[in-house]
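# Descriptive analysis of the structure
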Amino acid sequence: AAPMATTPTEASKPSASGPGFSRSKVQIKPDRYAALLPPNYMDILPADVKAAFAAEKFEWGKIPEWIPPKEVR
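In short, a report on the structure.

### Re the nonpolar core
Core analysis: the largest hydrophobic core is formed by five residues, namely Leu37, Tyr41, Leu45, Val49 and Phe53. For Phe53, the contacting residues outside a window of four places in its chain are Phe58, Pro64, Trp66, Ile67, Pro68, Pro69 and Val72.

Written out as structure tokens, the structure is:
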């Protein structure tokens, strides 16, 4: 059996230039359901729900059951 490598390979090292999102093959489709939300949807959300959607990440057990507003998608 061959010995295991003890140093990272070139393929496993992160790129110094960052991720290549411009080279991504994934295409984002328009959200056809966003138009179904009322124009004042962000205004009618409770304050705690707005804060949860505005946060960097959700708190465990406190993920809102509301539809995410267009402004935070």
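### Remarks on the packing of aromatic side chains
Counted according to the given criterion, the structure contains one aromatic pair. Considering the side-chain rings of Phe53 and Phe58, the 5.9 Å spacing of their centres and the 75 degrees angle between planes classify their relative orientation as edge-to-face. By relative accessible area, which is 38% here, Phe58 ends up partly exposed.

### Considering the environment of Ile63
Relative to the elements of secondary structure, Ile63 occurs in the segment after α2 (47-54). The spatial distance from the C-alpha of Ile63 to the C-alpha of Val49 is 8.5 Å, given a sequence separation of 14 residues.

### Regarding the pattern of salt bridges
If you walk through the whole model with that rule in mind, you get two salt bridges. For Asp31, the salt bridge identified is with Arg73, shortest N-O distance 1.8 Å. One end of the pair, Asp31, is in the segment before α1 (41-44); the other, Arg73, is in the segment after α2, and 42 residues separate them in sequence. Between Lys62 and Glu59 there is a salt bridge, with the nearest N and O atoms lying 3.6 Å from each other. Given a relative accessible area of 53%, Lys62 falls into the exposed group. Of the residues examined, Glu59 reaches a relative accessible area of 52% and is grouped as exposed.

### Details of α2
Listed as buried for α2 are Val49, Ala52 and Phe53. Down the axis of α2, the smallest arc covering the buried residues is 95 degrees, so these residues share one side. Exposed and facing more than 90 degrees away from the buried side of α2 are Ala47, Asp48 and Ala54.

Conventions and cut-offs
Residues numbered from 1 in each chain as written. Predicted model: local features only at pLDDT ≥ 70, side-chain atom pairs only at ≥ 80, totals over all residues. Heavy atoms only, no water. Core = buried A, V, L, I, M, F, W, Y, C linked by side-chain atoms within 4.5 Å. Buried < 20%, exposed > 50% of the residue type's maximum accessible area, 1.4 Å probe, protein only. Contact = heavy atoms within 4.5 Å. Phe/Tyr/Trp six-rings, centres within 6.5 Å; stacked < 30°, edge-to-face > 60°. Helix = DSSP H or I, 4+ residues; strand = E, 2+ residues; numbered from the N terminus. Salt bridge = Lys/Arg side-chain N within 4 Å of Asp/Glu carboxyl O. Arc of directions from axis to C-beta.

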